[in-house]
Amino acid sequence: MAEPWQTAEIPGPKKALVITKPKIVSAMIRRAKRPILIVGHEAAEIDLDGESLIDYLIRLSNLAGMPIVATAHTVRYFIDRGFRPDAWMPILDIANRLRDPNWSGLDGNGQYDLAIFVGIQYYMEWVVLSGLKHFSPKLKTISLDRFYQPHASWSFPNLNMKDWIACLKVIEEDLKERGG
Amino acid sequence: MTKKEFLVKIGELKTDIGILKNLELSVGKIIEETWEEKPGPTPFPSITDLREWDFKLLRRYRPFYMPFCDVCCLCTFGKCDLTGDKRGACGLNMAAQQSRIVLLACCIGAATHIAHARHLVEHLIEKFGRDHPIDVGGVNVEVEAPVTRLVCGIRPRKLGDLEDVLDYLEGQVTHLLSATHTGQEGSNLDFESKVLHAGMIDQVGMEIADIAQISAYNFPKADPNAPLVDIGLGVVDASKPVIMVIGHNVPPAVEIVDYLQENGLHDMVEVTGLCCTAIDITRYDPKAKIVGPISWQLRYIRSGIPDVIVVDEQCIRADSLIEAQKIKAPLIAASPKNCLGLPDRTNDPADEIVADLVSGKAPGALILDPEKVGEVAVKTAIQVAPKRRKFKAVPDVKDVIEGAKRCRRCSQCRRACPNDLDIPKAIEDAAKGRLERLAELYDECIGCARCESACPEDLPIHSFIVKAAEKKIKEETYKIRAGRGAIQDVEIREVGGPIVFGEIPGVIAFVGCANYPKGGREIAEMTMEFASRRYIVLTSGCAAMSAAMYKNEEGKTPYEIFHGAFDAGGIVNVGSCVSNPHIAGAAIKIASIFARKNLRANYEEIADYILNRIGAVGVAWGAMSQKAAAIASGFWRLGVPVVVGPHGAKYRRMLLGRKDREEDWYVYDARTGEKVYVGPAPEHLFYAAETKEEAMVMIAKLCMRPSDTTKGRAIKLTHYIDLSRRLLGVMPDDIHLFIRTKADIPITMRDEILKILEEKGWKERKIPDPTLLPRLIRRREE
Ligand code: SF4
Ligand code: SF4
Ligand code: SF4
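All values reported here derive from a predicted model rather than from experimental measurement.

**As for unusual backbone geometry**
Peptide bonds are mostly trans, and most non-glycine residues show a negative phi. All names here are of chain B. Of the consecutive residues Gly78 and Lys79, the connecting peptide bond is found in the cis state with omega at 0 degrees. Along the chain, Lys79 falls in the loop between strand E2 (71-72) and strand E3 (80-81). In this chain, Ala681 is followed by Pro682 through a cis amide linkage whose omega measures -5 degrees. Structurally, the position occupied by Pro682 is in the loop between strand E19 (675-677) and strand E20 (686-688). In this structure, Arg534 takes a positive phi of about 70 degrees despite not being glycine. Note that Arg534 resides in the loop between helix H22 (521-532) and strand E13 (536-540).

Rendered as structure tokens:
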């Protein structure tokens, strides 16, 4: 059983399913009609074996044809890399839109069915995912972070850096091989 | 309580003290004797009187709930699983449950301030008499109690008048709290309306407390040049006996200062404080010293510097007695709300209590008489200091290293740390004799000691951090301007126009607690940035302290660099938590003094004015408490948006606008009755930012208001765009929503912006005389 990273953030009864195999993530992205990737500021502080998590996420977005929303000031780290995210807005703004069944999306083509979160501080992502769990019944959420996020639909358990990086690689490889 | 009941109650009260002739005297009559202003529609509003206004706000700023818990356990039907669309045994759903929890928090907050005010007023009446005049600024402040006038429709002249207001407030809290019982309110929006009511009466309660203490204790009276006082752990003269006061209700601390003065001991003993009692004692005695915000409690106690610890009420650590014992410092509890299990010594002779505390026979005493606290604290400090010799509970470097070697690398500390600080890594370094990483943690540590509780090896991790940062701590010597209290009427007259027209780009109030995501330094950085940009920056409480804790190259601190007047480019410390209504009061006074709106019992109209015209924003970057929740909701009802830091998301409900829904942003043009689109100004009413950078851009944006003149709007847009470019690295993607006519465009960016407007298909629109209230339309056009 996965435990929340911050010890007292006890969830339940409904808890995230644990991503036991990283290919679950790539399969879900493939299956989703309208996936979206939401990237918080911690992504810029995370180093994956010599590259920034931001670089990885740009590749992921390109592979899967998945729009990116940069929250907080994260947009600047994308721009620095010559990549313009599809949108930037506070995490609460994107969450508030995701819970609205009538939202027309960033491109006017309608609400999303899969939202992937990464890089928002643990406790804030925790409550935001809780909001979506309760009030966006149709939306599936995945936390791509290294720590168990119990309010997502799917989350990794608490992982060490090495295992997490390996998981992220598998997701990328799988999307490369079998398409996004 | 209905209004009728309230009238009768006033009657009874006055009868008791022999003023009232018969029970038919009405509130109106009492007021009319002294105040000619025509009363508005809502004197002493009941919990539903302003519901219509609340619903207007809630239609635009819809609640977004983020449950902290999937279940409800408030009654024995429960626990009930409320996940998704489930309902509990009582029929309640998750949205209603979340808003109920918010209401509970706000009731706790409001009750705390109101009970604080009640205690204080009772004490001051006993000392200074019921007829002691309310005076918060002499001839400079005619509107002495803007919030009370606005909400209650009365003008308090004497301390005794405040009791009537408190009666009303206590009744309201009881009604609000009762709505949270199982099987009462069932609609989340009605809970939210009650939340706003709780916030409003909380503002009144705080105002009562502060105007009472300003008047009776002669605190700075709306003084922009209130004295600069010392703040920081490094400012305490540890060679003297040291008294530490902590909490919010100042009478015991005042009596300590009085006792020292009356006995010629003022220079011999250091009076130091934390939290709002510290702020308020420096308003009484500028020689007293502020150690720091709430999160400095443990580090200060463990430093061994305090010889006696005096706690009054609110935000005091529940283990303060245990911590005091670690450094052999006696503790005096001085508030009936925080007795800490200590024996009640109120009626014992002072010297007997002193003897027991000094000998160590008793670790502490409960003394519910502020005057006696003064005498006992001083005598004890003087006698105990040579015995304790600053016995401290912070380990030596050797102990830190040896302790660190016992670490099992289990990460329990980090997983307990609210800011997820990488303690295990720092401890690993420490075991090798390198303390730098531990010292670095100090800057972002909120001093909660959850890491210590979690550690299976019982390592005193927080003390390790404090030891490692010893050098930094010694250098913590700053200046803060003592809380000035109210804003003068003449200041309002001078800046009212520039604020309403938008030429002063905004009024930003940094308030609240110290639960910071990345340390208090972010507060200093934000206040200085906005003051440099010539916003009016206000501060109070712990945020006022954090704003002080910065030095420029010349060693100057923000309160020395920036002036203390309510004018562009000021950093204005109004005082403690209960001084917050001076901030709300400034906005209210702009409406009444500058715009000549009737103030008396005219809540809805004034709130409508503020929402549409006064570019004020509250920022509670480290908001932690239920009081902070209540304070924020008092601002929301008044139309002032509030930004909190990421921990504030745990308040579990935001009030968010949707700028992409055009239909949400129409107002009436009061001149014609026409409905006019004004853009998302202000975009949110309550919102948690993920980072400081995000917050700063949003704060600048939230200062825009529908009534801005073109010149004012251009100035506000300049700051918004500039901050966005600098901090986010991009031009904002929503400027077309804020540009009404080409004259709104900042001149230096004209070409670039015109291009954007073209791409967005922008069309010129009207600048209305904005209101949400149809009754304010002067002429209707069909
Ligand atoms: S108050 Fe209602 S939801 Fe809560 S435990 Fe009782 S029955 Fe269940
Ligand atoms: S005392 Fe500091 S380091 Fe320890 S848990 Fe609290 S914030 Fe984290
Ligand atoms: S909790 Fe204690 S033993 Fe565990 S990693 Fe932290 S310091 Fe080491």
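Let's pick the thread back up.
**A short note on the sheet that holds strand E8 (residues 140-143) of chain A**
Residue and element names in this part refer to chain A. With respect to topology, seven strands assemble into an open sheet ordered E1-E9-E8-E7-E2-E5-E6, the strand pairing being parallel. In the strand order of this sheet, the two ends are held by strand E1 (17-18) and strand E6 (87-88), each with one partner. By the bridge criterion, two bridges tie strand E5 (residues 68-70) to E6 in an arrangement that is parallel. Residue Val69 lies in a different strand from E6, and its bridge partner there is Ala87. Helix H2 (residues 53-64) contacts strand E2 (35-39), E5 and strand E7 (114-118) of the sheet and is inclined by roughly 170 degrees relative to E2.

**Considerations on the environment of Ser579(B)**
All names here are of chain B. Within the element layout of this structure, Ser579 appears in the loop between strand E14 (571-575) and helix H25 (581-594). Sequence-wise, Ser579 and Arg484 are 95 residues apart; in three dimensions their C-alpha atoms are separated by 9.1 Å. Among all residues touching Ser579, those that are not within four sequence positions of it are Asp210, Arg283 and Val574.

**Regarding the interface of chain A and chain B**
Contact residues are listed per partner, giving 45 residues for chain A and 54 residues for chain B. Buried surface at the junction of chain A and chain B, both sides included, amounts to about 3,900 Å², of which 56% is carbon and sulfur. The tally of links between chain A and chain B comes to four salt bridges. In this structure, the salt-bridge partner of Lys133(A) is Asp70(B), at a minimum N-O distance of 2.5 Å. At the junction of chain A with chain B, the criterion picks out 26 residue pairs in polar contact (both at pLDDT 80 or more). Considered class by class, the residues forming the side of chain A that touches chain B number 20 nonpolar, 15 polar and ten charged.

**Concerning the site of ligand 1**
With respect to spatial proximity, the complete set of residues near ligand 1 consists of Cys72(B), Leu74(B), Cys75(B), Phe77(B), Gly78(B), Cys80(B), Gly88(B), Ala89(B), Cys90(B), Arg100(B) and Thr182(B). Across the shell around ligand 1, the residue classes tally to seven nonpolar, three polar and one charged.

**Some remarks on the pattern of salt bridges**
For side chains bearing opposite charge, pairing can occur when the charged atoms are close. Residue and element names in this part refer to chain B. One pass over the full model with this rule turns up 80 salt bridges over all chains. Here Arg317 and Asp319 are joined by a salt bridge, their closest N and O atoms 2.8 Å apart. What makes Arg317 partly exposed here is its relative accessible area of 22%. In this structure, the salt-bridge partner of Asp351 is Lys379, at a minimum N-O distance of 2.9 Å. With Asp351 in helix H12 (residues 350-359) and Lys379 in helix H13 (residues 370-388), this residue pair connects regions lying 28 residues apart in the sequence.

**Notes on the packing of helix H14 (residues 397-405) of chain B against helix H16 (residues 423-431) of chain B**
All names here are of chain B. Interhelical geometry of H14 versus H16 gives an angle of 115 degrees and a closest axis separation of 7 Å. In this structure, H14 crosses over H16, and the sense of that crossing is left-handed. Side by side, H14 and H16 meet where Val400, Ile401, Ala404 and Lys405 of the first sit next to Ile427, Ala430 and Ala431 of the second. Taken together, the residues that form the contact of H14 with H16 break down as six nonpolar, no polar and one charged.

**Some points on a negative patch on the surface**
Together, Glu122(B), Glu126(B), Glu262(B) and Glu371(B) make up a negatively charged patch on the protein surface. Mapped onto the elements of the fold, Glu126(B) is located in helix H4 (residues 94-128).

**A look at the sheet that holds E19(B)**
Residues and elements named next belong to chain B. Strand order in the open sheet formed by three strands is E19-E18-E21, with antiparallel pairing between adjacent strands. For this open sheet the edge positions go to E19 and strand E21 (770-771), each flanked by a neighbour on one side alone. With two bridges joining them, strand E18 (residues 666-669) and E21 adopt antiparallel strand pairing. Considered in E21, the bridge of Asp669 is made with Pro770.

**Observations regarding the side chain of Ser136(A)**
Residues and elements named next belong to chain A. Note that Ser136 resides in the loop between helix H5 (122-135) and E8. The buried category is assigned to Ser136, whose relative accessible area is 5%. Among the polar contacts made by the side chain of Ser136, one reaches the main-chain carbonyl oxygen of Leu98 at a distance of 3.5 Å. With near-sequence residues (within four places) excluded, Ser136 lies in contact with Leu98, Arg99 and Gly131.

**Things to note about the pairing of strand E5 (residues 242-246) of chain B**
Residues and elements named next belong to chain B. With five of its five residues buried, E5 lies for the most part within the structure. Where E5 meets strand E6 (residues 270-274), five bridges bridge the pair, whose relative direction is parallel. Looking across to E6, one finds that Val242 is bridged to Glu270. Viewed along the sheet, the connection from E5 through helix H8 (residues 251-262) into E6 turns out right-handed.

**Side note on the site of ligand 3**
Taken together, Cys407(B), Arg408(B), Arg409(B), Cys410(B), Ser411(B), Gln412(B), Cys413(B), Cys455(B), Pro456(B), Leu459(B) and Ile461(B) make up the full set of residues adjacent to ligand 3. Among the residues forming the shell around ligand 3, the class breakdown is seven nonpolar, two polar and two charged.

**Looking at the confidence of the model for chain B**
Residue and element names in this part refer to chain B. Here chain B averages 94 in pLDDT, while 95% of its residues score no lower than 70. Across residues 1-32, where pLDDT falls below 50, the model places 43 contacts with residues more than four positions away in sequence or in other chains. In the predicted complex, the global pTM is 0.95; the interface-specific ipTM is 0.98.

**Observations regarding the nonpolar core**
Residues Leu98(A) and Leu438(B) are the most contacted members of the largest nonpolar core, which totals 339 residues. A total of 15 residues in this core trace back to one element, the largest contributor, which is helix H7 (residues 188-217) of chain B. Once you skip the residues sitting within four places of it in the chain, Leu438(B) turns out to touch Val400(B), Ala426(B), Ile427(B), Ala430(B), Phe464(B), Ile465(B) and Ala468(B).

Reading guide: rules and limits
- Residues numbered from 1 in each chain as written.
- Chains lettered and ligands numbered in written order.
- Predicted model: local features only at pLDDT ≥ 70, side-chain atom pairs only at ≥ 80, totals over all residues.
- Heavy atoms only, no water.
- Helix = DSSP H or I, 4+ residues; strand = E, 2+ residues; numbered from the N terminus.
- Pairing = 2+ DSSP bridges.
- Contact = heavy atoms within 4.5 Å.
- Axes fitted to C-alpha atoms, helices over the stretch in contact; angles between N-to-C directions.
- Buried area = accessible area lost by both parts, 1.4 Å probe.
- Salt bridge = Lys/Arg side-chain N within 4 Å of Asp/Glu carboxyl O.
- Polar contact = N/O pair within 3.5 Å; in protein donor to acceptor, adjacent residues only side chain to side chain.
- Nonpolar A, V, L, I, M, F, W, Y, C, P; charged D, E, K, R; others polar.
- Near = heavy atom within 4 Å.
- Buried < 20%, exposed > 50% of the residue type's maximum accessible area, 1.4 Å probe, protein only.
- Left-handed = near helix turned anticlockwise from the far one by under 90°.
- Patch = residues over 30% accessible without salt bridge, like charges linked within 9 Å, V, L, I, M, F, W, Y side chains within 5 Å.
- Areas by Shrake-Rupley, 256 points an atom, 1.4 Å probe, with all protein chains shown as cover.
- Lys, Arg positive; Asp, Glu negative; His and termini not counted.
- Charge placed at Lys NZ, Arg CZ, Asp CG, Glu CD.
- Right-handed = clockwise from strand over helix to strand, strands pointing away.
- pLDDT = per-residue confidence, 0-100.
- Core = buried A, V, L, I, M, F, W, Y, C linked by side-chain atoms within 4.5 Å.

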